[in-house]
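Observations on the three-dimensional arrangement
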Amino acid sequence: MLLIHKNHETLSQAVAERVAKVVQDKPDAVICLPSGNTPLRLFEILVNQHEIGEIDFSRCTFVLLDEWLDMDGQDEGSCRYWIDKELLNPLGFQPEQIIAFDAKSGDLPGECERVNQKIKELGGFDLVVLGVGMNGHLALNEPGTPFDCYAHVSALDPMTAEVGQKYFTKQTPLTEGITLGLRHFLEARELIVMASGEAKAPVMKRALEGEVSEDFPASLVQKDEKILVMLDEAAAGN
Ligand SMILES: N[C@@H]1[C@@H](O)[C@H](O)[C@@H](COP(=O)(O)O)O[C@@H]1O
């Protein structure tokens, strides 16, 4: 289902309402929210609601979407560093509430299996919110990733390596990542794909109207009517 909001602010408010509803209905919800610029205002709204006691994440589990290989929360520019700073620390998440890939592990297939297993034990995701990359990727599921895969190591597309530089203060080679799989997203009880700004308009047009194909992971949004695509007018091409 496609929902178009006037601007970035109203889009962020609307997604925040959905997050709040999931957490109110199920205080021990298993949730996953994306990195990137798109959710920054959403995060501010959630942090503000937390600070005034309107939302309580204290029983939730947060699963991190992805990580650059060989990086962890100590590395500035890592996904963990970024989401700790922007969301998990301000919301007061405790380490035991967080599931994240160890992208420095010497056994990456085992690490994928560990995270898959944890998610399974928790009963799957109550809510996953995703942004969309300029090449149509979801998390680090790059073009060509099978729709039916769970966690895996991914060889990064040159566009992802280039766009990813925005997280780093100096040029950083990015060649591989470790990520939740598209099947995790399809199996989530609620899946929201959000995009904002005119740069995303051609990406979202292809996702919504183009062929459903593993060549363009964001086309997954057409696979299930229940998936919510939430855009601002600019990303909708209006
Ligand atoms: N791995 C992240 C994705 O999870 C994110 O959705 C995408 C879009 O980022 P932005 O919202 O900044 O456009 O960027 C990165 O590649």
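An unreviewed UniProt entry lists the chain under the name Glucosamine-6-phosphate deaminase, with Persicitalea jodogahamensis as the source organism.

Observations concerning the packing of aromatic side chains
Using the criterion set out here, one finds 6 aromatic pairs in the structure. Judged by centre distance (6.3 Å) and plane angle (55°), the ring pair of Trp68 and Tyr167 falls under tilted. Of the two residues, Trp68 sits in strand β4 (residues 66–68) while Tyr167 sits in the loop between α5 (158–163) and β8 (176–179), which places them 99 residues apart along the sequence. Note on Trp68 and Phe168: the rings are 6.4 Å apart at their centroids and 50° apart in plane angle, and the pair reads as tilted. Highlighted residues: Trp68 in strand β4 and Phe168 in the loop between α5 and β8, separated in sequence by 100 residues. Across this residue pair, the class does not change: Trp68 and Phe168 are buried.

Describing empty space enclosed by the protein
Taken as a whole and assessed by the stated rule, the structure comprises 2 cavities of 30 Å³ or more. Its boundaries defined by the atoms lining it, the largest cavity holds a volume of some 50 Å³. Considering the residues around the largest cavity, the lining is formed by Phe185, Leu186, Ala188, Arg189, Glu190, Leu191, Asp224, Lys226 and Ile227. Its residues assigned to classes, the lining of the largest cavity shows 5 nonpolar, no polar and 4 charged. Approximately 30 Å³ is the volume attributed to the second largest cavity. Lining the second largest cavity are Leu33, Pro34, Ser35, Leu64, Leu65, Asp66, Cys79 and Ile83. Class assignment of the residues belonging to the lining of the second largest cavity gives a composition of 6 nonpolar, 1 polar and 1 charged.

The rules behind the values
- Residues numbered from 1 in each chain as written.
- Predicted model: local features only at pLDDT ≥ 70, side-chain atom pairs only at ≥ 80, totals over all residues.
- Heavy atoms only, no water.
- Phe/Tyr/Trp six-rings, centres within 6.5 Å; stacked < 30°, edge-to-face > 60°.
- Helix = DSSP H or I, 4+ residues; strand = E, 2+ residues; numbered from the N terminus.
- Buried < 20%, exposed > 50% of the residue type's maximum accessible area, 1.4 Å probe, protein only.
- 1 Å grid on protein atoms, 1.4 Å probe; cavity = no way out; pocket = protein on both sides within 12 Å on 5 of 7 lines; lining within 4 Å.
- Points joined across faces, edges and corners; volume = space filled by probe spheres on them.
- Nonpolar A, V, L, I, M, F, W, Y, C, P; charged D, E, K, R; others polar.

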